[in-house]
Amino acid sequence: MPVQELGMSLTRRTLLSAAAASSVAAFTPFKRAHAATPVRLLLSWFAQAEVGGFYQALAKGFYAQKGLDVQIDMGGPQVNTMQILAAGRADFVTGYDFQTLRGIQGGMPLLTVMSSFQHDLQGLMTHDNITDLAQLRNHPILISSPAHASYWGWLCKKFGYSPAQAKPYTFNLQPFFLDPEMAVQAYASSEPYEAQQRNVPVKFFPFADLGYPPYGTPVLTTHEFADKNDATTQAFVHASLLGWQDYMQDPEPGNTLIRKANPRMTEGQIMFGHNAMAKANVVEGGDTKTLGLGCMTEARWQATYQFMVENDLLDKAVNWQSAFTSKFTDLAKVMPA
């Protein structure tokens, strides 16, 4: 299946077309200009504030200024971004550090070229009577299937949870709203908004504050693509970082494209996500003050590798150093605004 069929595609030319409709299916990219280099970015999820920097770079012409004609495709729960990347049907994808290292373990030549966030936005959302995650022993906790291959085992060790506490999370919060004893996995920029809309008082406990090491919303390609397309990769990373820098200052251009790509996203939900990212300082925090936006360090990647090995999520022999490069972000050197 072509990447275009996986979700809504946006190109610079479709944005200039007055005939473009607001629904996902209505967008049909025009033929790209010969002077621009075509680039395909596949998101791991639907269009939302958490990928706003890429839409901002498209809306503000940062990609076009770098000679790129970028197409953004949405992913979703049934889209295997890593397989699509490996098959050459996307040039870049957004991913997850754990997924990347496991892919390398499986023989995939994955390479992370930048990270949108300096830490992951993942955490647990509880009802407001909880003041410490240790209080959740014996409480039901809604956990998705991927969580079992990332942080669930770590939480069990850290707080004494039992495997029986884990209940399936289908991204429906109704069970949580009905059960005052229940907790649920959540993103700081997402589930708390729905609780707010329901007038349900909650607390959010970010895993990053507990030592959870991965970066958030990293951008990956393959070693082969980066080697053969060094200038294109550099241009894409630089323009994307300019998009993130600009998005955190004035998100409306990017938000306009997000709403077109994903009409289910309301303005309130998008702005809640943007504000949550700003509050958590995920774009401009961490090492960005000295290394620039999108930066990644060997120490952080080694910490993620060690975390996975210690929690039986990764073979110790995996070459974790091959998972990332700081070359492109170092050259871009886009500093916090």
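Residues numbered from 1 in each chain as written. Predicted model: local features only at pLDDT ≥ 70, side-chain atom pairs only at ≥ 80, totals over all residues. Heavy atoms only, no water.

Asks: Can you lay out the overall build of the chain for me, pointing to particular residues and giving the numbers?
Replies: Each helix and strand in the chain was counted, giving 15 helices and 11 strands. Within the chain, the proportion of its 337 residues that are buried is 54%. The contacts of the chain with a sequence gap of at least 6 include a subset with a gap of at least 24, amounting to 80%. (Helix = DSSP H or I, 4+ residues; strand = E, 2+ residues; numbered from the N terminus. Buried < 20%, exposed > 50% of the residue type's maximum accessible area, 1.4 Å probe, protein only. Contact = heavy atoms within 4.5 Å.)

Asks: Just give me the short version of the environment of Pro263, but keep the residues and values in it.
Replies: Secondary-structure assignment places Pro263 in the loop between helix 11 (252-261) and helix 12 (267-280). On a C-alpha basis, the gap between Pro263 and Ala47 in space is 9.2 Å, while along the polypeptide they are 216 residues apart.

Asks: Quick rundown of the packing of helix 2 (residues 52-59) against helix 11? Include the residues and the values.
Replies: Running from amino to carboxyl end, helix 2 crosses helix 11 at an angle of 105°, the nearest separation of the two axes being 7 Å. With respect to their mutual orientation, helix 2 and helix 11 come out roughly perpendicular. Packed against helix 2, whose contacting residues are Gly52, Tyr55, Gln56, Leu58 and Ala59, the element helix 11 presents Pro253, Gly254, Leu257, Ile258 and Ala261 at the interface. The class makeup of the residues in the contact of helix 2 with helix 11 is seven nonpolar, three polar and no charged. (Axes fitted to C-alpha atoms, helices over the stretch in contact; angles between N-to-C directions. Parallel < 35°, antiparallel > 145°, perpendicular 65-115°, else oblique. Nonpolar A, V, L, I, M, F, W, Y, C, P; charged D, E, K, R; others polar.)

Asks: Now, about the pattern of salt bridges: what can you tell me, with residues and values included?
Replies: This model, assessed by the stated rule, comprises six salt bridges. The partner of Asp230 in a salt bridge is Lys327, and the shortest N-O contact between them spans 2.4 Å. Of this pair, Asp230 sits in helix 10 (residues 230-247) while Lys327 sits in helix 15 (residues 327-332), and the two are 97 residues apart along the sequence. We classify Asp230 as partly exposed; its relative accessible area is 31%. Classification of Lys327 by relative accessible area gives partly exposed; the value is 37%. A network of salt bridges, in which partner residues are shared, links Glu252, Arg259 and Glu267. (Salt bridge = Lys/Arg side-chain N within 4 Å of Asp/Glu carboxyl O.)

Asks: Describe in detail the sheet that holds strand 8 (residues 166-168), supporting the description with residues and values.
Replies: With mixed pairing, the five strands of this open sheet are ordered in space as 8-7-9-6-10. With one partner strand each, in any of the chains shown, strand 8 and strand 10 (202-206) form the two edges of the open sheet. With strand direction ignored, the average angle separating the axes of adjacent strands in the sheet is 40°. (Pairing = 2+ DSSP bridges.)

Asks: I'd like a rundown of the packing of aromatic side chains, residues and numbers included.
Replies: Taken as a whole and assessed by the stated rule, the structure comprises 25 aromatic pairs. Seen from their ring centres, Phe92 and Phe236 are 4.3 Å apart, and the 5° between their planes marks the pair as stacked. Of this pair, Phe92 sits in strand 4 (residues 92-94) while Phe236 sits in helix 10, placing them 144 residues apart in sequence. For Phe236, a relative accessible area of 0% gives the class buried. Geometrically, the ring pair formed by Tyr193 and Phe272 is tilted, given 5.3 Å between the ring centres and 55° between the ring planes. Placement of the pair is Tyr193 in helix 8 (residues 191-197) and Phe272 in helix 12, with a sequence separation of 79 residues. Take Tyr193 and Phe272: they sit in the same class, and that class is buried. Through a chain of ring-to-ring contacts, three or more aromatic side chains come together here, namely Tyr96, Phe98, Tyr151, Trp154, Phe207, Tyr212 and Phe307. Lying over the aromatic face of Phe46, Arg264 brings its terminal NZ or CZ to 5.1 Å of the ring centre. (Phe/Tyr/Trp six-rings, centres within 6.5 Å; stacked < 30°, edge-to-face > 60°. Lys NZ or Arg CZ within 6 Å of the ring centre and 35° of its normal.)

Asks: Talk me through the pairing of strand 11 (residues 216-222); I want residue IDs and the actual numbers.
Replies: The two faces of a sheet get side chains in turn, since along a regular strand they alternate between them. Taken across its seven residues, strand 11 has seven buried, putting it largely inside the fold. Here two bridges tie strand 4 to strand 11, and the two strands are oriented antiparallel to one another. From the neighbouring strand, Thr94 faces strand 11, where its bridge partner is Val219.

Asks: I'd love a proper account of the pairing of strand 5 (residues 110-117), names of residues and values included.
Replies: In terms of burial, strand 5 is a largely internal element, eight of the eight residues being buried. The pairing of strand 5 with strand 11 spans six bridges and is classified as antiparallel. Residue Leu111 lies in a different strand from strand 11, and its bridge partner there is Thr221.

Asks: Which residues make up helix 5 (residues 97-105), and what are the values?
Replies: Along helix 5, the residues that are buried comprise Asp97, Phe98, Thr100, Leu101, Gly103 and Ile104. Within two residues after helix 5, Gly107 carries a phi angle of roughly 95°, on the positive side.

Asks: Give a description of unusual backbone geometry that names residues and reports values.
Replies: For Thr217, which is not a glycine, the phi torsion comes out positive at approximately 50°. Its relative accessible area of 16% is what places Thr217 among the buried residues. Within the chain, Lys333 stands out as a residue other than glycine whose phi angle is a positive 45°. Assignment of secondary structure puts Lys333 in the segment after helix 15. For Lys333, a relative accessible area of 40% gives the class partly exposed.

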